[in-house]
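# Inside the fold
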Amino acid sequence: MSNIPKIVILGAGYGGVLTALKLQKQLNYNEADVTLVNKHDYHYITTHLHMPAAGTDNPENARVNISKLIDEFKIDFVKSTVVQIRVQDKKVILEDGTLSYDYLVISLGGEPETFGIPGLAEHAMNIRSINSVRLIREHIEYQFARFKREPHRIDYLTFVVGGAGFTGIEFIGELSDRIPELCKEFDVDRSLVKIYNIEAAPTALPGFDPELVQYAMDVLTKKGVIFKIGTAIKECTQSGVIVGDGEEIRSKTVIWTGGIRGSRLIEEAGFETMRGRVKIDDFLRAPSHEQVYIIGDSSLMMNEEGRPYPPTAQIAMQQGVTCAHNLVASIRNQPLKTFQFSNKGTVASLGKGEAIGIAFGKKYKGRKAAWLKKLIDLRYLFIIGGIPLVLRKGKIL
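Conventions and cut-offs
Residues numbered from 1 in each chain as written. Predicted model: local features only at pLDDT ≥ 70, side-chain atom pairs only at ≥ 80, totals over all residues. Heavy atoms only, no water. UniProt positions renumbered as here; feature names shortened; annotations may be inferred. Axes fitted to C-alpha atoms, helices over the stretch in contact; angles between N-to-C directions. Helix = DSSP H or I, 4+ residues; strand = E, 2+ residues; numbered from the N terminus. Left-handed = near helix turned anticlockwise from the far one by under 90°. Contact = heavy atoms within 4.5 Å. Nonpolar A, V, L, I, M, F, W, Y, C, P; charged D, E, K, R; others polar. Buried < 20%, exposed > 50% of the residue type's maximum accessible area, 1.4 Å probe, protein only. Pairing = 2+ DSSP bridges. Salt bridge = Lys/Arg side-chain N within 4 Å of Asp/Glu carboxyl O.

Taking an unreviewed UniProt entry as the reference, the protein is identified by name as NADH dehydrogenase belonging to Paenibacillus beijingensis. Comment text from UniProt for the protein, heading Sequence similarities (unreviewed entry), reads "Belongs to the NADH dehydrogenase family."

Shown next as structure tokens:
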């Protein structure tokens, strides 16, 4: 019977993929059995999904086959859906089997957080996966076709985006670029189309530089976006949304980008959570479970100010690197490394040729920021797939 430790990684998002890639570099042959589990046979670039959702890019450009990334001699890939995590038994139940582990990495990503808003789960769409953005793109195009048959139905041409965080802002930037094309294709008067961005917080892009936020809002307002900042969505219905003091915005397209929570599987496994996220220790481990690492959207870490780090791709990637290091260290009985987040900067796109960002201690906006966004995308492709992936995907991102 083999005494080789078994490492199981759940989820091939940013954190899971980086953990797997670093393990296959750092582990010697037969030093550990590593299994990566994902419900799709591809990794998708979440920070790119707002483009195919709006119809400004092909969804295929946001995905990379896992087989192109991992070394099959070092990493076993299992395409399956996780059904249950049994921590006490050190087992993971899949829809078509069971895996046992010595070390577990949970990087299952997040789920939309509705904050208890009635009707949101039932009637709103989310930018969360390749399939979800295909649905949004086709739905938007269908609304234009429906309007041509029922020209009195202005609600077909009214688009509501809930949440003015990065995903919401980037999506409406792309959507506002796409609308003129759809108007031309379906022969629709552009003035009939309305894009609302609704945010309960007192500012768009909460926590971001105020000067850059104002620039972003000015750019998007010129593109036709109607902002309702400091206004909460009270209810989502089949007819649209109820906001503020009871105002109804009639719309057949409501897209919710207002936040995420951790995976429900983690709560069901018995971990203590806050909005589905587990407060992990400095080594990225779950409390009282030294063999279980939780990274990405389902992890909760506090910054120096005592506030949770936002669940971004950047932090998930850095967690993946540290997680792999600590797994190797555990196997070799070496000291673990504490996780230290290094903020490399943040960039938000505002549509074609427009963006805002902070990097290297400087503010960027307009075309320079858009180029910076492109460089960040290329850097990620290089990290996970080297020059071949950059050459294959770099021109289209």
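That covers the picture; the talk isn't over yet.
Two elements in contact, helix H4 (residues 130-149) and helix H5 (residues 166-186), have axes whose closest approach is 11 Å; the angle formed by their N-to-C orientations is 35°. Our pair here, H4 against H5, has a crossing hand that is right-handed. Taking contact as the criterion, the partners of Ile136, Ile140, Glu141, Phe144, Ala145 and Lys148 in H4 are, on H5, Phe171, Leu175, Arg178, Ile179, Leu182, Cys183 and Phe186. Of the residues assigned to the contact of H4 with H5, the class counts are 10 nonpolar, no polar and 3 charged.

Right, let's get into unusual backbone geometry. Even without a glycine there, the phi angle at aspartate 187 is positive, about 55°. Along the chain, aspartate 187 turns up in the loop between H5 and strand E13 (194-199). Positive phi, normally seen in glycine, also occurs at leucine 284, with a value near 80°. Structurally, leucine 284 is set in the loop between strand E20 (278-279) and strand E21 (285-286). A relative accessible area of 0% places leucine 284 in the buried class.

Attention shifts here to the sheet that holds strand E7 (residues 91-94). Within a sheet, neighbouring strands are paired by backbone hydrogen bonds and run either parallel or antiparallel to one another. The sheet built from 3 strands is open, its strands ordered E6-E7-E8 with antiparallel pairing. Every interior strand has two partners, whereas the edge strands, strand E6 (82-86) and strand E8 (97-100), have only one. Direction aside, the axes of adjacent strands within the sheet are offset by 20° on average. Bridge count for E6 against E7 is 4 bridges, and the pairing is antiparallel. Opposite valine 82, over in E7, you have leucine 94 as the bridge partner.

The next subject is the pattern of salt bridges. Two side chains with opposite charge may pair up if their charged atoms get near one another. For the structure shown, the criterion picks out 21 salt bridges. Lysine 228 is paired through a salt bridge with glutamate 247; the nearest N and O atoms lie 3.3 Å apart. Note that lysine 228 is positioned in strand E14 (residues 225-229) and glutamate 247 in strand E17 (residues 247-250), a separation of 19 residues in sequence. Note that aspartate 281 is salt-bridged to arginine 285, the shortest N-O span being 3.0 Å. Overlapping salt bridges, with partners in common, bring together Glu113, Arg261, Glu267 and Arg275 in one network.

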